[in-house]
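# Coordinates in review
One letter stands for each residue in the lines below.
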Number of protein chains: 2
Amino acid sequence: MSDCTTTPKINAAPASRRDKREAARRYIVDFKTAAHTGSRRIYLQSADGTVAVPCREVSLHPSPDGSNNAPVPIYDCSGPYGDADYQADVSRGLPPLRADWIAARQDTTFCSTPLSALAVELDAQQGQFQHQVRQALPGCRPTQLAYARAGIITAEMQFVALRENMARAAQQQAASDLQPQHTGEGFGAGIPAQIDAEFVRAEIAAGRAILPANINHPEAEPMIIGRNFLVKVNANIGNSAVSSSIEEEVEKLLWSVRWGADTVMDLSTGRHIHQTREWILRNSPVPIGTVPIYQALEKVRGDVEKLSWELYRDTLIEQAEQGVDYFTIHAGVLKDFIPLTARRITGIVSRGGAILAQWCQLHDRENFLYQHFAEICQICAQYDVSLSLGDGLRPGCVADANDAAQFAELRTLGELTKIAWAYDVQVMIEGPGHVPLQLVQANMTEQLAHCHGAPFYTLGPLITDISPGYDHIASGIGAALIGWFGCAMLCYVTPKEHLGLPDKEDVKQGLIAYKIAAHAADLAKGHPGAQLRDNALSKARYEFRWLDQFHLSLDPDTAKAYYQAALPEGADTEFCAMCGPKFCSMKLNQSVKASTLSAPPAERANEPA
Amino acid sequence: MSDCTTTPKINAAPASRRDKREAARRYIVDFKTAAHTGSRRIYLQSADGTVAVPCREVSLHPSPDGSNNAPVPIYDCSGPYGDADYQADVSRGLPPLRADWIAARQDTTFCSTPLSALAVELDAQQGQFQHQVRQALPGCRPTQLAYARAGIITAEMQFVALRENMARAAQQQAASDLQPQHTGEGFGAGIPAQIDAEFVRAEIAAGRAILPANINHPEAEPMIIGRNFLVKVNANIGNSAVSSSIEEEVEKLLWSVRWGADTVMDLSTGRHIHQTREWILRNSPVPIGTVPIYQALEKVRGDVEKLSWELYRDTLIEQAEQGVDYFTIHAGVLKDFIPLTARRITGIVSRGGAILAQWCQLHDRENFLYQHFAEICQICAQYDVSLSLGDGLRPGCVADANDAAQFAELRTLGELTKIAWAYDVQVMIEGPGHVPLQLVQANMTEQLAHCHGAPFYTLGPLITDISPGYDHIASGIGAALIGWFGCAMLCYVTPKEHLGLPDKEDVKQGLIAYKIAAHAADLAKGHPGAQLRDNALSKARYEFRWLDQFHLSLDPDTAKAYYQAALPEGADTEFCAMCGPKFCSMKLNQSVKASTLSAPPAERANEPA
């Protein structure tokens, strides 16, 4: 690897390539459930019984003094897979949870000649999926935003309300001797004491939150993305021309929802893009996002000059018919902004942004996504595809952060937001990228200032460039910070970022780093009930209820494995291998605590407002 | 593991225990050098030639346009091990770099009857170490603080000045076409444009920085801990009663300095504490810290009631004679503060804090470390042992953060700081622990308000409790933030925290997470030259100089391995497996950049003051 000019040898695939595909095939065929050790599936029922929201419940052992510990509910977006009794069959896909809700609204109909049918004919690896394409009736806009503005509370909104309010309800039942939650700092967020369906409707109507739910993706459970709700996490999957297969991508999907992805983006740029997406959509309980320009470019065999609005439009319709819940559209990469990137260290690092910048220059014309933005909105309104306005000019290194190109595009995204809203299309705004710590907050304040309160959705940001192989950590730091400042969804970065396509294990590592960041942000904002799980785990830790500690943690399997690796198999002790029996502070402290419990309660020191 | 009351079976060691020890033995016997791929050792010379500061230099390939890229110097505390030509022999230890400097000051003498000699007789596993114990001449205080106050610039101060100024010097030579560094936000830090020995002296004299350098640890290279210098990282090693051996601890030491630990704490609580420390000190190029109460408790077989000042005093002298550079002393755990912890979820989680709280209650007397603090300072002044005032009442979960107990102790540590300074003893202050994001800054402001500018040294903090197995990430987030706010040194947390004793790989994972956090803080504070490495790596990334990118990264081996895992062995391409050839934004962007370089330079958007 001493010479940087050798021509690519992409045909000579590593020997392990076929093995990985076969292993993935076995995994998804054998896959039945993704339930976590120590958790059971429960359902939160709406008052009228029409909506049942799945969540995980961790039941706890009693304390040494015999007192009981209330079970802890955990937000769970793994869908049917999170039910230990579920028998998954990925070749048939998930049950269409939302089908009746969508039909009952009577504003859509089945499409007799779907564009996507053409693509399906090419399909060598189609499953036995029964997917009938829906589209809006003439004059109808079956979007959650249209319903919200009309004052209609949908079943999806009820579902979301129960889900987001879960921890609040649990906190009210929790033992009163648990420490109260700290006062949060929300930087202007409006987080309510209780969340009901009307609050959900109002936030969507105001454009402050989106509920991505394509009428052609009835398998997906409703979830909401907005500053006044829990911070969400997205996992990127998808193949590339030199790596992965449909089997591996379905495996990553199952792995993503198991480890807590709230949404998944299929960023496939390789072969079988349509079929890969079909397998992902039919098996995904979470909303699926895409970057349609990737498939459009694949259709012209990577020749950017051949890209056209017509080709792109057909790709949008094809994907909308399949059920993609949100599209990343790089409509803010304007011809005039491109020169602003000329003196950057890393130029344009967004794939979509680079493609469109090159197209603008080859044709010496304005970005066709900007020119045809109204038509894009008309398509999205027919299927309730949400828009994720892409930051094609985001910085690719800390040096390029917060520059003129980045903020010029951001202001344009603000203008486009108003256009999308005029068509009742839900919108969120994408953000960077690479930003040093001291410049992170400016990204949030600029977005709030120019994008009219639409939700922000950032990739990290990475707060340094020197950690390839560990960028899930470098970006998790920036993600926690911007989530606290008000970012609504965090797009994960895996350890393979900048180096290669993530595999199943990378997906897990990226997700856990981001679940930490998102939860840290919820705690910092003072989201009611967010601290419940921390308090329960810490109490279990202090009382040596090791199993409870493992079951309450983000990754029970790893926590238990690390503990047991250092102590005899099956040992269950009042200490761990870190300190041993005589130096366990918590053990030493039991007597101290016992003898001082008669003392007056500790006052809480002043906290920052 | 279903029952939490089983009695410990700590005698039944896992089968792999002996194998691990044997593997470690082989590693340290064969160990010769810790040089990194793609780096070479260079030395920065002082004007008078008396001081030569080792550092790493990464030389870079030319850019595609043929222009050269300046080599990048990297701060390197791996000592002689970082020199590819060095032939280490851990049974003999490192050369005594500082021996002549110490002798030349003529304020110390060799000790004829060292207390530590008694311990050495017990030593079953002593190496061939030639360590002659030094102590101060009567009436002398051979501490860097005493010298600094007397206006003396020591060789140690010159060494530190060259080291801390390295990136500044390099930046001035760097190619002018590199992006300028962003304006930092220092929250009141006073970071100079240039660092010279007089600045180092002045910072030490003011108590704002410490240079931990026991006269009995001449093997250690000088380094400085202070808010106006680069943020440092500490790695904790040390055995426990149920895990590890001397060989494994020496292996962890070598691993720690290879991955960038600025100081190492030996927290051994198991067997052979004295001998383990001897092996660590004689082979460590970085300052070594300890918590002497651990060895004192071991001497009374874990019976807290039997602890006494006399026993503790002799332990301090024994360790000072061996060469320990800083002591963690929990002198702020006052009897009256203990009741303030009674209603915490996790009580007292500091091992030292828990031991002393129990002692206070068993004897119904004030903490003997507080009562005898002046005598502790007198001992430290004789050997230039720095004090790290321990936070025995730090919170062990987010719920307990920033409470009355924690801040009461912090104010006491501020009082003790003034006493230590009266004896010319260098001091830093330890901090938490577990703190949610919105309460992190209050820890820094309280410390600044009550501890007279003495350096802050925190353990993380973890910003959530729900990530056992991944606490290096949860705490790395808090560490980056508090480092930015002004914390001078970050004590790492490994993936095994709360679960077991870290092994070699855990040490590496913890260190890399903390090098990311410390560097992110340096960037955010606007430390001159800090962004040089980021910019060079990003430029290499943009120009597909893969080897340069790997060599500039925190872990060149892992970055290269991840890249190669996804592409044919030895392939060297203008893309990676993440995007493949047609979707590489940086490749697409080359043409865009080329055609726009005639454009006016991009203005930098406004940044927060």
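Residues numbered from 1 in each chain as written. Chains lettered and ligands numbered in written order. Predicted model: local features only at pLDDT ≥ 70, side-chain atom pairs only at ≥ 80, totals over all residues. Heavy atoms only, no water.

### A closer look at helix H18 (residues 532-542) of chain B
All names here are of chain B. For H18, the buried fraction is high: 11 of the 11 residues fall into the buried class. What H18 keeps buried is the set Leu532, Arg533, Asp534, Asn535, Ala536, Leu537, Ser538, Lys539, Ala540, Arg541 and Tyr542. Positioned one or two residues after H18, phenylalanine 544 has a phi angle of 60°, which is positive. (Buried < 20%, exposed > 50% of the residue type's maximum accessible area, 1.4 Å probe, protein only. Helix = DSSP H or I, 4+ residues; strand = E, 2+ residues; numbered from the N terminus.)

### Description of the pairing of strand S12 (residues 386-389) of chain A
Residue and element names in this part refer to chain A. Alternating residues of S12 divide into Ser386 and Ser388 and Leu387 and Leu389, and every residue in both groups is buried. With four bridges joining them, strand S11 (residues 326-329) and S12 adopt parallel strand pairing. Paired with isoleucine 329 across the strands is leucine 389, a residue of S12. By the bridge criterion, three bridges tie S12 to strand S13 (residues 427-431) in an arrangement that is parallel. Across the sheet, leucine 387 pairs through a bridge with valine 427, a residue of S13. As for the winding sense of the linkage, the β-α-β connection from S12 through helix H14 (residues 404-422) to S13 is right-handed. (Pairing = 2+ DSSP bridges. Right-handed = clockwise from strand over helix to strand, strands pointing away.)

### Topic: the environment of threonine 109 of chain A
All names here are of chain A. Following the sequence through the fold, threonine 109 ends up in strand S4 (residues 108-110). For threonine 109, a relative accessible area of 32% gives the class partly exposed. Each C-alpha atom, one on threonine 109 and one on leucine 311, is 25 Å from the other, the two residues being 202 residues apart in sequence. Leaving out residues up to four positions away in the same chain, threonine 109 has contacts with Val133, Arg134, Gln135 and Leu137. (Contact = heavy atoms within 4.5 Å.)

### So, the pattern of salt bridges
Inspection of every chain in the model, using the stated rule, returns 64 salt bridges over all chains. As a salt-bridge pair, lysine 306 of chain B and aspartate 303 of chain B come within 2.9 Å of each other at their nearest N and O atoms. Accessibility expressed as a relative area gives 54% for lysine 306 of chain B, which makes it exposed. By sharing partners, the salt bridges in this structure join Lys539, Glu543, Arg545 and Asp548 of chain A into a single network. (Salt bridge = Lys/Arg side-chain N within 4 Å of Asp/Glu carboxyl O.)

### A look at the nonpolar core
A general tendency of soluble globular proteins is for nonpolar side chains to be buried together. The biggest cluster of nonpolar side chains holds 312 residues, and the ones touching the most others in it are Leu387 of chain A together with Leu387 of chain B. Aside from chain neighbours lying at most four places away, what touches leucine 387 of chain B is Phe327, Ile329, Phe373, Ile376, Cys377, Cys380, Ala420, Val425, Gln426, Val427 and Met428 of chain B. (Core = buried A, V, L, I, M, F, W, Y, C linked by side-chain atoms within 4.5 Å.)

### Notes on the side chain of glutamate 57 of chain A
For glutamate 57 of chain A, the location among the structural elements is in strand S2 (residues 52-58). Leaving out residues up to four positions away in the same chain, glutamate 57 of chain A has contacts with Gly38, Ser39, Arg40, Ile42, Pro71, Val72 and Pro73 of chain A.

### Focus: the sheet that holds strand S8 (residues 232-237) of chain A
All names here are of chain A. The eight strands lie next to each other as S8-S9-S10-S11-S12-S13-S14-S15, forming a closed barrel whose pairing is parallel. If you compare each strand with its neighbour and ignore which way they point, the axes differ by 25° on average. Pairing of strand S9 (residues 263-266) with strand S10 (residues 288-290), which is carried by three bridges, proceeds in the parallel orientation. Paired with aspartate 266 across the strands is threonine 290, a residue of S10. Relative to S8, helix H17 (residues 504-525) is tilted by about 160°, and along the sheet it contacts S8 and strand S15 (489-491). (Axes fitted to C-alpha atoms, helices over the stretch in contact; angles between N-to-C directions.)

### Re the packing of aromatic side chains
Enumeration over the complete set of coordinates arrives at 36 aromatic pairs over all chains. Their ring planes at 75° and their centres at 5.4 Å tell us that phenylalanine 31 of chain B and tyrosine 81 of chain B sit as a pair that is edge-to-face. Highlighted residues: phenylalanine 31 of chain B in the loop between helix H1 (16-30) and strand S1 (39-45) and tyrosine 81 of chain B in the loop between strand S3 (72-74) and helix H2 (99-104), separated in sequence by 50 residues. No difference in accessibility class separates phenylalanine 31 of chain B from tyrosine 81 of chain B, as the two residues are buried. One residue, lysine 496 of chain A, lies across the ring of tyrosine 562 of chain B, its end atom 5.3 Å from the ring centre. Over the face of the ring belonging to tryptophan 259 of chain B we find arginine 258 of chain B, whose NZ or CZ atom lies 5.1 Å from the ring centre. (Phe/Tyr/Trp six-rings, centres within 6.5 Å; stacked < 30°, edge-to-face > 60°. Lys NZ or Arg CZ within 6 Å of the ring centre and 35° of its normal.)

Coordinates in, geometry out; function isn't part of it.
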